[in-house]
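Chain by chain, the residues run as shown.
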Amino acid sequence: MRAYIPKDDVQAKAYYTDRYYVAPQVPKSEVETDEVFASDLEAIKAKFEVKEAFIQVEQMVVYINAHDIYGVLELMRDELEYTQLSELSAIDWLAKDNTFEIFYQMLSMKKRKRIRIKYFIQNGQAVDSVEKLFRSADWSEREMYDMFGIEANGHPFMKRILMPYDWQGHPLLKTYPLQGDEFASWYEVDKIYGKEAREEIGPEIRDTARVDRYDSQRFARLGFEVPKGTEITGEEERNVDSYQEEEGVFLIKKLNKETSKIIDDPQR
Amino acid sequence: MAQIKNRLTPFFENITFDRDDNELILNFGPQHPSAHGQLRLMLHLQQEMIVKAHPDIGYLHRGMEKMAENMIYNEFMPTTDRMDYIASSSNNYGFALAVEKLIGLEVPRRAKVIRMMLLEINRLMSHLFWLATTALDIGAMTVFLFAFREREYLMDIIEGYCGARLTHAAIRIGGVPLDIQDTFIAQLKDFLDKLPQNIKDYEDLLDTNRIWLMRMEEVGVIPTDMALSWGCTGPMLRASGVAWDIRKEEPYELYDEVEFNVPYSDKCDNFARYRIYMEEMRESAKILYQTIDMYNECVEKGETELMAHAPKYVSAPKLDIMTQNYSLMQHFVLVTQGMRPPVGEVYVATESPKGELGYYINSQGGPYPYRLKLRAPSFWHTGILTDLLPGHYIPDVVSIIGTTNIVFGEVDR
């Protein structure tokens, strides 16, 4: 029987986990333990619903509702002095409960504090673009769309950024195959030569270190090189590199031992 | 072999003529020598002035975040080298620090000092490389040769330490793998003693150079608002009037024990950025002198530990592995299965030579990170070209790309 592989998460798995292993937690502390964070949280709470807030590794994490994001970031930028949006991306929880977790990493240079704003969206739901508040979100949201397929409403140019425009699939999804992606392996051949040329050209070898261990013929045929895919008959003509003197390759001249200087000392 | 007919549509030398207005669309890159990597710019021109710029990236995309999700933590370390390959130890360090914060490790003091030395050497290497390539783009070949000569000394020092010149992988989670070699400090001192004169040489060549000034002054002005909004960090932000250096404001390692200044300028143009790179080299040298003293102190006090003692996460020293059964077992598990950090998430920002290098790690208690986001400064420094280039002329594009100091290993990841 074939081993069952879950289709909703095809990423590498730990090959062994002790059945009694309970993973420890990174310690969380109450927001009240830090004055600056406490007052910031009060200001957010006064206007928006906060689902959860805590401090983890010196930074405050605040969970809000998805539709509040523009308002919260506007409040943070204009009133709480969080002037920079350092980072914005998503986490794929589709296998667990069909949601994405979105995080916004905010930085206040005046207070020397960092806050992470987070919320959950359902699969297929779009987020509100914050590109009007922070220009850096322009590229971040495009990257998020490229990698996860999460669209941002109100974004001026919602196109892929890292992958080609006509790429299929979103690479950072846990369902995205690590190997055996047919579209990916034929992408360039299909685009440049068409599907009918597949047999003639063969799949692209993405592993550049790959050596075909059974190919003992095409390897190191100096002077008798053959193009890929040709049958080797053993009667190939020798490819003679002709010299400049024989109207061959420019600047490749025959060695004249009398006029050339020969360096004997290898250390020179 | 017979040629296979392809479907690529022919185009006329990078330029399209199919519009009625005077707008010309110029395709710049992705293989342009002054693009510093695989940057493609689509520039809409009115005469020689750019009216719209559209940077296109992704030509070096290797999916590092995806790779990280399928690797154990220590396995990912050499991959980080390939982000900002001009200063790869700073990437190693950012990742190591993020994982250490996640599992709550305290690194021995001697390892911290060595890390600081490596980080500052990397900063110098990066800044020298920046100066060399930017000067070359503007046409100052001499500066290129001078700066590469100095960078070569630093590469030799690093090579002596870890065996690699470009992709160092010189830092481990929990410390550093090796002590510095015997000649390290002497070599470094030699270099540092010469550096002020070298920097002065560059400045003599450039500071009052008419061509340099014309290409740099009042070109590529990034107002403070724009820099903040676009997420600019590092020299890009400091040249726009914000004195924000993570080493100073949120000190990591022993940066709170060393004395250095944070140069900044409110000129906001290319020349300000150039000045900041030069001043930062001086500050790095200052820090390096202090770390040499700190290292000597560690030697005097007999602090020999280089890796943190945390059997659950970090392998024991080689001697223990070879002599003690439990250490060997622990090492075996850590190499084959990998460490399992606690469940939680962390975002750690460090000041890499280019700006704020951040690692966001979400761990679900497994040997692989559940999500790892790399926040590379160059990504936004490329994005800002969208708003920065309009209004400039074609030759300015080259000097602006030069002073943004973008590295495409980092932009595309």
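As the structure is a prediction and not an experimental result, all values here were calculated from the model.

Parameters and conventions
- Residues numbered from 1 in each chain as written.
- Chains lettered and ligands numbered in written order.
- Predicted model: local features only at pLDDT ≥ 70, side-chain atom pairs only at ≥ 80, totals over all residues.
- Heavy atoms only, no water.
- Helix = DSSP H or I, 4+ residues; strand = E, 2+ residues; numbered from the N terminus.
- Areas by Shrake-Rupley, 256 points an atom, 1.4 Å probe, with all protein chains shown as cover.
- Buried < 20%, exposed > 50% of the residue type's maximum accessible area, 1.4 Å probe, protein only.
- Arc of directions from axis to C-beta.
- Patch = residues over 30% accessible without salt bridge, like charges linked within 9 Å, V, L, I, M, F, W, Y side chains within 5 Å.
- Salt bridge = Lys/Arg side-chain N within 4 Å of Asp/Glu carboxyl O.
- Polar contact = N/O pair within 3.5 Å; in protein donor to acceptor, adjacent residues only side chain to side chain.
- Contact = heavy atoms within 4.5 Å.
- Domains from an automatic or database assignment.
- Buried area = accessible area lost by both parts, 1.4 Å probe.
- Pairing = 2+ DSSP bridges.
- Axes fitted to C-alpha atoms, helices over the stretch in contact; angles between N-to-C directions.
- Phe/Tyr/Trp six-rings, centres within 6.5 Å; stacked < 30°, edge-to-face > 60°.
- Lys NZ or Arg CZ within 6 Å of the ring centre and 35° of its normal.
- Nonpolar A, V, L, I, M, F, W, Y, C, P; charged D, E, K, R; others polar.

### Topic: the overall build of chain A
Okay, step 1: On a plain count of helices and strands, chain A comes out with six helices and eight strands.
Okay, step 2: In chain A, the order of α-helices and β-strands from amino to carboxyl end is β-α-β-β-α-β-α-β-β-β-α-β-α-α.
Okay, step 3: Looking at chain A as shown, the accessible area adds up to about 17,000 Å², and 50% of this sits on carbon and sulfur atoms.

### Topic: helix H2 (residues 69-78) of chain A
Okay, step 1: By the burial criterion, the buried members of H2(A) are Ile69(A), Val72(A), Leu73(A), Leu75(A) and Met76(A). Down the axis of H2(A), the sector holding all buried residues measures 155°, keeping them to one side.

### What to know about a nonpolar patch on the surface
Okay, step 1: The grouping of Tyr243(A), Val249(A) and Ile252(A) at the surface amounts to a nonpolar patch, some 240 Å² of accessible area in total.
Okay, step 2: You can see Tyr243(A) is positioned in the segment after helix H6 (198-201).

### Focus: the side chain of Asn70(B)
Okay, step 1: Among the secondary structure elements, Asn70(B) is positioned in the loop between helix H1 (64-69) and helix H2 (73-80).
Okay, step 2: Only 3.0 Å separates the side chain of Asn70(B) from the side chain of Gln11(A), close enough to count as a polar contact.
Okay, step 3: Within the structure, the side chain of Asn70(B) is placed 2.9 Å from the backbone oxygen of Lys66(B), a separation counted as a polar contact.
Okay, step 4: If we ignore the near neighbours within four places in the chain, the residues touching Asn70(B) are Gln11(A), Ala12(A), Leu178(A) and Tyr368(B).

### Details of the domain arrangement of chain B
Residue and element names in this part refer to chain B.
Okay, step 1: Per the domain assignment, the segments making up chain B are domain 1 (15-56) and domain 2 (64-412).
Okay, step 2: At the interface, 18 residues of domain 1 touch 19 residues of domain 2.
Okay, step 3: Summing the contributions of domain 1 and of domain 2, the shared interface buries around 1,600 Å²; its carbon and sulfur component is 70%.
Okay, step 4: Per-residue buried area on domain 1 facing domain 2 is highest for His36, Glu48 and Ile50; these three make up 37% of the total on that side.
Okay, step 5: Counting every contact that joins domain 1 to domain 2 gives zero salt bridges.

### Focus: the pairing of strand S2 (residues 24-28) of chain B
Residue and element names in this part refer to chain B.
Okay, step 1: The element S2 is extensively covered by neighbouring structure, given that four of its five residues are classed as buried.
Okay, step 2: Both S2 and strand S3 (residues 40-46) contribute to a ladder of five bridges, which runs antiparallel. Its bridge partner being in S3, Leu26 is matched across the sheet by Leu43.

### What about the sheet that holds strand S7 (residues 371-375) of chain B?
Residue and element names in this part refer to chain B.
Okay, step 1: Reading across from one edge, S5-S6-S7 is the order of the three strands in this open sheet, with antiparallel pairing throughout. If you trace the sheet from one side to the other, it starts and ends with strand S5 (344-352) and S7, each paired once. Strand-to-strand twist in this sheet, taken as the mean axis angle between neighbours without regard to direction, amounts to 10°.

### Details of the packing of aromatic side chains
Two descriptors summarise a pair of aromatic rings, namely the distance from one centre to the other and the angle between the planes of the rings.
Okay, step 1: Tallying each qualifying case throughout the model produces 22 aromatic pairs over all chains.
Okay, step 2: Ring geometry for Trp139(A) against Phe379(B): centres 5.4 Å apart, planes inclined by 65°, an arrangement best described as edge-to-face. With Trp139(A) in helix H4 (residues 136-148) and Phe379(B) in helix H14 (residues 377-383), this residue pair bridges two chains.
Okay, step 3: Judged by relative accessible area, Phe379(B) falls into the buried class, the value being 0%.
Okay, step 4: Pairwise contacts between aromatic rings join Tyr93(B), Tyr252(B), Tyr255(B) and Phe260(B) into one cluster.
Okay, step 5: Over the ring of Trp93(A) we find Lys96(A); its NZ or CZ atom is 4.5 Å from the centre of that ring.

### Comments concerning the interface of chain B and chain A
A common way to report how large an interface is uses the accessible area buried once the components associate.
Okay, step 1: Between chain B and chain A, the contact holds 63 residues from the first and 67 residues from the second.
Okay, step 2: Summed over both sides, the interface of chain B with chain A buries roughly 5,500 Å², with 56% coming from carbon and sulfur.
Okay, step 3: Counting every contact that joins chain B to chain A gives eleven salt bridges.
Okay, step 4: Asp387(B) is paired through a salt bridge with Arg135(A); the nearest N and O atoms lie 2.9 Å apart.
Okay, step 5: In this structure, the connection of chain B to chain A is made through 28 residue pairs in polar contact (both at pLDDT 80 or more).
Okay, step 6: Take the side of chain B that touches chain A: its biggest share by element is five residues, from S5(B).
Okay, step 7: The residue makeup of the side of chain B that touches chain A, split by class, is 28 nonpolar, 17 polar and 18 charged.

### Regarding the pairing of strand S6 (residues 113-122) of chain A
Remark: a regular strand shows side chains that alternate across the two faces of the sheet.
All names here are of chain A.
Okay, step 1: With respect to burial, S6 is a largely interior element, eight of its ten residues being buried.
Okay, step 2: Where strand S3 (residues 59-64) lies against S6, four bridges are found, and the strand directions are parallel. Bridge pairing links Val62 to Ile117 in S6.
Okay, step 3: With ten bridges connecting them, strand S5 (residues 99-108) and S6 associate as antiparallel partners. Residue pairing across strands places Met106 opposite Ile115, the latter belonging to S6.
Okay, step 4: Taking the residues between adjacent antiparallel strands as the criterion, S5 and S6 are bridged by four residues, where Arg112 takes a positive phi near 55°.

### Overview of unusual backbone geometry
All names here are of chain B.
Okay, step 1: Despite not being glycine, Gln47 has its phi angle at roughly 55°, a positive value.
Okay, step 2: Relative to the assigned elements, Gln47 resides in the loop between S3 and strand S4 (49-56).
Okay, step 3: One non-glycine residue, Asn405, lies in the positive phi region at around 55°.
Okay, step 4: For Asn405, the position within the fold is in the loop between helix H16 (394-404) and helix H17 (408-412).
Okay, step 5: Judged by relative accessible area, Asn405 falls into the buried class, the value being 6%.

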